[in-house]
Amino acid sequence: MPDTANDPCNDYTALDQPWRATNAVGLYICDGYFNWNGWYRLLYYGMSVRMPETRVEMNTCGSAIALYLNGAHPQIADGIVTRGVCGSLGSNSCYWSMSIQLKACPGSYYVYEFKPTPCLGAYCAADTANVTFDPCNVYSVLDNDWRRLDSVWPNGYRGSDDTFVEWSGWYRLYLQGKNAQIPESDWCASYMACGSCTALFLGGSHPLPLDGIVTRDIYGSYGNLFDSKQCISSLRSDPIQVKACPGNYYVYRLVKPAVSLPMPTYCAVALDTPSYDPCNNYTFLNQSWRATNETGGSNCDKNNIWTGWYRLLYNGMSVRMADSCVIRSRCGTDVTLWLNGSHPQIGDGIVTRGVCGSSGSDCCYYRSIPIRVKACPGNYYVYELVRPTIFCYVAYCAAAVNDPCNNYTSLDQPWRATNASGLWICDYSFNGNGWYRLLYYGMSIRMPERCIGRSMCGTNVALCLNGSHPRLDDGIVTRGVCGSSGSDCCSLTYTPIRVKACLGNYYVYEFVRPTTCHAAYCADVNSITPNIGLTTVTRTPASSINTTGTVQNMTFDPCNVSTILDNQWRRKSSLFYDGFSTFDDTLVEWSGWYRLYLQGKSAQIPESDSCVSYMSCGGYTTLLLGGSHPQPQDGIVTRDIYAFYCEQVNSKQCISSLRSNPIQVKACPGDYYVYRLVKPPVSLPMPTYCAVAFDIPSYDPCNSYTSLDQPWRGTNETGGSSCDGNFNWNGWYRLLYNGKSVRMPDSCVNENRCGSYHTLWLNGSHPQIEDGIVTRGVCVKSGSDCCFYSYIPIRVKACPGDYYVYEFVRTSDCPAAYCADVSTITSGPTNTVTIRTELTTNPRKTETNSAVQTTVQTITMAPDCQGNISAKCADDIFKQIEKSTNPVLSPEVVEQVLMEQVLKVEVINAQVPVSAGVTMLNKTETLVSTLVMPTETNSSVKLSLNGLDVQVFTVGPKASLTEIPRLSVNNAQMVIDLIQISKNNNGSAAVAFMSYTNISSILKPTFFNTTKKTVKTMMSNVVSATLPKTTNTQLNTPVNFTLKHIATNCSHTVCSCDHLSTFAVIMQTNPPTIDNSDPVMDLFNTVAVAVGLFFLSLTLLTFAFCRRNPRVTNIALTNLCISLLLAHLLFLLTQTFLQYIQPQQLVCAVLAGVLHFLFLSAFVWMFIEAVLLFISVKNLTKIRSKQKEVLSWKYLTVIGYVIPLTVVGVSVGLFPDGYGSKECWLKTDKGFFWSFLGPICFILAANTILFFVILVIILSTLKSMKSELLRIKQAKSDQRLFKSVILKTMVQFCIVGCSWILGFFPNYSKVLDMLFLFFNSQQGTFIFLIHCALNQEVRQFYIKWWRVLRAAFKPHTRENGDTPISTS
């Protein structure tokens, strides 16, 4: 069996480089620079090509030397062969020659094992068959209707055979003029033959356009087989080539099928996208025998002519196909067809699902042709049914449903009665779904079948049934719905509804939303019948209640056990006209205690003094608490519930005689309330409990508000039609008038002022600063009544600086606007800079087009920041952007901050270019994100700065783009499917594309780590792409970047990426081999360190034997020798075996830390030795005085080792990654090297100063001693003593480490390097010389031990009983 895993035909790199074509001239590319590795397949714009086999002239194929194959290509049977490669020069066709390996592969293509070429040379690509065209543009049409999937065996189309066809070139499939394709193997079905005996399928998925030409296997399946397991068949035909083309179609390079297959034919399936919405254009299939609960039958869907889309019904009720296993002999047939997969969601659009039929224990023993399915609004599905391939008897199944007589919602709303008038309720916003039974105070009632006059049934247009009610045996019927206008009882027609008569003399209706307002379904009071026991029904509408638990009794504290009630429509701003007036709390099964929330915020039922005009709280009758809330110590109290109709405008309505049933209330720890809610009386039309959230802001509104500078709000402004009901107010606002602080009026304002008709003023005085946040009512004057209209109260706060902030809310009608009292103007500028965003308008009204601006976050800055953005000003802006949820800055401000701070060369830290570059990129992206403006359609913003080009593209919910957006900035392009991204983000998305031209000095290509050490060259500008203010940033399709090359003959590079980041084209080449090593210095280093180590060891050995002689041993010198010995030895071993240690990062870091400690310890002991030497020299004249120790050896040992250990410990704690450079030493990042260099500099400076002080003292002392000796005429031997002292003193210069100063002059000259290496490696030699070799007592010790050794190894003889001479 062949080894397919290592077959180069299955493991190659596609080389699609059109510049290699024989017609490409003018380039000088060299294949000698490429890192060739493995096998390669040549492509030309996605099409297979091969190397030419004949001479190619110079200066073609994108290079000077055009390399061609010197011989014929092999056959598949030849396997891997070796061929020569030639390049011509003049008359010599093979002036340059080399050899490569190649192989012929199934699918009519070749793979080559390319190697580096001579320069300038490149491999050529040519194909005499198809390099001159794109198969998407040149193909043959293949339109044979018998190729369709339902051309099954046996039928009239069974004589075709594709082995008789002379296939040549590329083909595009059609079926009766419709675009078609070869189905993939998972479409295989029982008895499928596609017009013949063997059906041929595509063995794999179709390619994408960017895949180019691909090769796919062809699977075969016999048409006379019925077991679906045949679809996993071992039958194979010859592979074919496939290409995906623009326009959503495919072309195929069909070949003659294998003749071993009996009468094979390529299958075809048409998957056209319908030009209409199938949810609006379908055929009802109301056949009750299709239900899964129907047994037996001999129906056969194979005999039907299926065309288009179908919706399944069961006795008039909507049903769907079964999507789980259905046993045989159901659904009115033998083989029951069910959907092999779940039904789609509405957002999925049209999907394809398999179809199975069971037999025995195998639920998918039979497989029929897959069908297409779509989910539709209204909770139903449509199916594109096709003729099954399975023998008769076979049929599509419909899942059985419940009888609506047993599954309905009771609608006990007496306001619907024909005798109810004076209300304006509208079913237009009716959100019901399913079936309903009409009740009147618990008694059955039905819709009227006669004409009902206007302004009845609690509405304007009363809707009645246009036809009689059905009988029990009629099942579900459809009836028209009428509304009267004048004398014509059915002048207004509405969407028909379905009706069913039920046992018990009642009816159920499948209500749908009327097409206009104000209209509502009626209940005929003349048809009331008492109930003989109501059937169990569903009373709670879907999504009306969110619960976490229920309460059954009072053996608990309701503050601990309550049900959460979080319905956004209960808010006070759910007004009569805003579409949220469709809910009814009489339909809820109330049980136990409830805690109110609004969008997750704690809420409460507002008290009756919060009543405002047009307030509906989601229903028609507003329910408020008739009294104040209790205190925690009050326990459980009972409160009345006040009710009033939402369409009433006079604020006096709030003192209403309407009452609902009382409820219980309890105040709980944590500043919230729980309520024992009960069902309101059905006599109230659509009552709902209101909710209001009084959350405490987590910030001070005086520091985070929107400046509202709109002079038309002034009380001196007349006329206008501005409306604050059209804006989605969010947060706190400060009123300004031409830049000066102003406040709301708190007294009556006449109509037709403040830029609007209804003028809103504060019903109460403004608070003081110590009052904090307070709530104030809002009034509007009408006639002589200053508070005829009452609006939703707002919150107010007094701020330091003599101004106020207001939490404005949307007004309940139009035109109405909040006023600004010009008599309260406070002079002086506000000195604020704001981040602005568009305040979105409410789509329900368009009375005004005023461009109101809002501020997500206000930045308080000094006045000089507005003309000159300093670093501090920029930091403030970035902090506020970070805290804001949707910041927007003007392009001018963004340009100013970018140019003066972010892109400014002076502010970039050159010491840490990588981190500085990353910071610059992040700040740029943050600023650019503020250019995203809210939009309904689409918008684009471009900036062009010195070193930066930016484009921001935004799409909104109503964008109508015909093609994928293409963004273009300096020398770069980006193609991104922003439309698909917006679909995943509620219809809105934005992309920012940036190109940097002056960033190469910061983000150098050498900063990018690779596995191999290479020379890196920046070949393009650095580009960056982000999706600002976009929640779901997942890319469904790759993003294509086109980057133009700089400083090269090549034009551009196209990159396809599945993520967004920062990109650039970097060319890697192998570095030139440079040997920086110096054999002489290496040898000198090794010898010098070895000699130093020898004398250090000898010195320590000497000190060990002379440890009892205080005139020889010295605690500082001993520990200095130990530290130097260990440091030099470990350093020498580390550098010798560096190539083995370096890959082990942890070992390398540990060795660096130990070296750090040992060298620091050595320098500390040098410092101690210098101090001790200074003390000795200072007492030099006191010849007869006893030496006194400054500190004991224990304290000195602690100082010598604890100080360096502390330095190393602190270094590890502050920067644990600072150890382990490539030399296994300290890294230079973030100045970490100063943890070593700092202490060394201090000690060297101190030791140098001490040395010169010592030298001065010695010279002074010797000078005085010399005078004394001359006076007493001392012998010449004493003169030699003075010279010896001077020599020893000078050598001490090296012992205390002062010679390490030479290390501060690196690479200046080779002589300095050798001096540094010699003096510092020979510290042990100098210590031995001064403290051992030149020490008289040590020399005596050496002589003594030398005699002992000689005596030990010299043989002795005893004469005359003499005893050996003792040497002790």
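Rules used in this analysis
- Residues numbered from 1 in each chain as written.
- Predicted model: local features only at pLDDT ≥ 70, side-chain atom pairs only at ≥ 80, totals over all residues.
- Heavy atoms only, no water.
- Helix = DSSP H or I, 4+ residues; strand = E, 2+ residues; numbered from the N terminus.
- Buried < 20%, exposed > 50% of the residue type's maximum accessible area, 1.4 Å probe, protein only.
- Contact = heavy atoms within 4.5 Å.
- Areas by Shrake-Rupley, 256 points an atom, 1.4 Å probe, with all protein chains shown as cover.
- 1 Å grid on protein atoms, 1.4 Å probe; cavity = no way out; pocket = protein on both sides within 12 Å on 5 of 7 lines; lining within 4 Å.
- Points joined across faces, edges and corners; volume = space filled by probe spheres on them.
- Salt bridge = Lys/Arg side-chain N within 4 Å of Asp/Glu carboxyl O.
- Axes fitted to C-alpha atoms, helices over the stretch in contact; angles between N-to-C directions.
- Parallel < 35°, antiparallel > 145°, perpendicular 65-115°, else oblique.
- Left-handed = near helix turned anticlockwise from the far one by under 90°.
- Pairing = 2+ DSSP bridges.

A. Main features of the overall build of the protein. The helix and strand tally for the protein stands at 14 helices and 63 strands. For the protein, with 1368 residues in total, the buried portion stands at 48%. Taking as baseline every contact in the protein between residues at least 6 positions apart, the subset at least 24 positions apart corresponds to 68%. Within the structure as shown, the protein displays about 65900 Å² of accessible surface, and the carbon and sulfur contribution to it stands at 53%.

B. Focus on the environment of Ala291. Considering the arrangement of structural elements, one finds Ala291 in the loop between strand 17 (283-286) and strand 18 (310-314). Looking at Ala291, the relative accessible area reads 1%, which means it is buried. Every residue in contact with Ala291, bar those within four places of it in the chain, is listed here: Tyr314, Cys331, Ala398 and Ala400.

C. Geometry of the environment of Phe1174. Inspection of the secondary structure assignment puts Phe1174 in helix 8 (residues 1145-1178). Among the residues examined, Phe1174 registers a relative accessible area of 23% and is labelled partly exposed. Separated by 81 residues in the primary sequence, Phe1174 and Leu1255 have C-alpha atoms spaced 9.5 Å apart. In contact with Phe1174, other than residues within four places in its own chain, are Leu1250, Val1253, Ile1254 and Ile1257.

D. Empty space enclosed by the protein, seen in detail. Under the criterion given, the structure shown has 3 cavities of 30 Å³ or more. If you add up the space inside the second largest cavity, you get close to 40 Å³. As for the second largest cavity, its lining consists of Ile976, Asp977, Gln980, Ile981, Leu1035, Asn1036 and Thr1037.

E. Geometry of the pattern of salt bridges. In this structure the tally under the stated criterion is 18 salt bridges. Salt-bridge contacts for Lys103 lead to Asp7; the nearest nitrogen and oxygen are separated by 2.8 Å. In this pair, Lys103 is assigned in strand 6 (residues 92-105) and Asp7 in the segment before strand 1 (13-16), connecting sequence segments 96 residues apart. Across the pair Glu57 and Arg55 runs a salt bridge whose closest N-O atoms are separated by 3.0 Å. The class for Glu57 is partly exposed, based on a relative accessible area of 45%. Note on Arg55: relative accessible area 28%, which makes it partly exposed.

F. Focus on unusual backbone geometry. The backbone of Tyr441 shows a phi angle near 55°, a positive value even though the residue is not glycine. Structurally, Tyr441 is set in the loop between strand 26 (436-440) and strand 27 (443-446). For Tyr441, a relative accessible area of 43% corresponds to the partly exposed category. Unlike most non-glycine residues, Gln599 shows phi in positive territory, near 55°. Relative to the helices and strands, Gln599 is located in the loop between strand 35 (594-598) and strand 36 (601-602). By relative accessible area, Gln599 is classed as exposed at 62%.

G. Geometry of the side chain of Gln181. Among the secondary structure elements, Gln181 is positioned in the loop between strand 11 (178-179) and strand 12 (198-203). The class of Gln181 is buried, set by a relative accessible area of 17%. When near neighbours in sequence (up to four residues on either side) are disregarded, Gln181 contacts Leu173, His206, Tyr250, Tyr252, Cys267, Ala268, Val269 and Leu271.

H. Focus on the packing of helix 5 (residues 1079-1105) against helix 12 (residues 1310-1321). It is the contact of helix 5 with helix 12, at a shortest axis distance of 8 Å, that shows an interaxial angle of 20°. When the interaxial angle is binned, helix 5 and helix 12 end up roughly parallel. Crossing of helix 5 over helix 12 shows right-handed handedness. The residues of helix 12 that touch helix 5, namely those facing Met1081, Phe1084, Asn1085, Ala1088, Val1089 and Gly1092, are Lys1310, Asp1313, Met1314, Leu1317, Phe1318 and Ser1321.

I. Broad picture of the sheet that holds strand 57 (residues 989-996). Ordered by their spatial adjacency, 5 strands build an open sheet running 53-54-57-59-62, and the pairing between neighbours is antiparallel. This sheet does not close on itself; its edge strands, each paired only once, are strand 53 (938-945) and strand 62 (1062-1063). The pairing of strand 57 with strand 59 (residues 1022-1026) spans 5 bridges and is classified as antiparallel. For Ser995, the partnering residue across the bridge sits in strand 59 and is Val1023. Packed onto the sheet, helix 2 (residues 891-902) meets strand 53 and strand 54 (948-955) and runs at close to 30° relative to strand 53.

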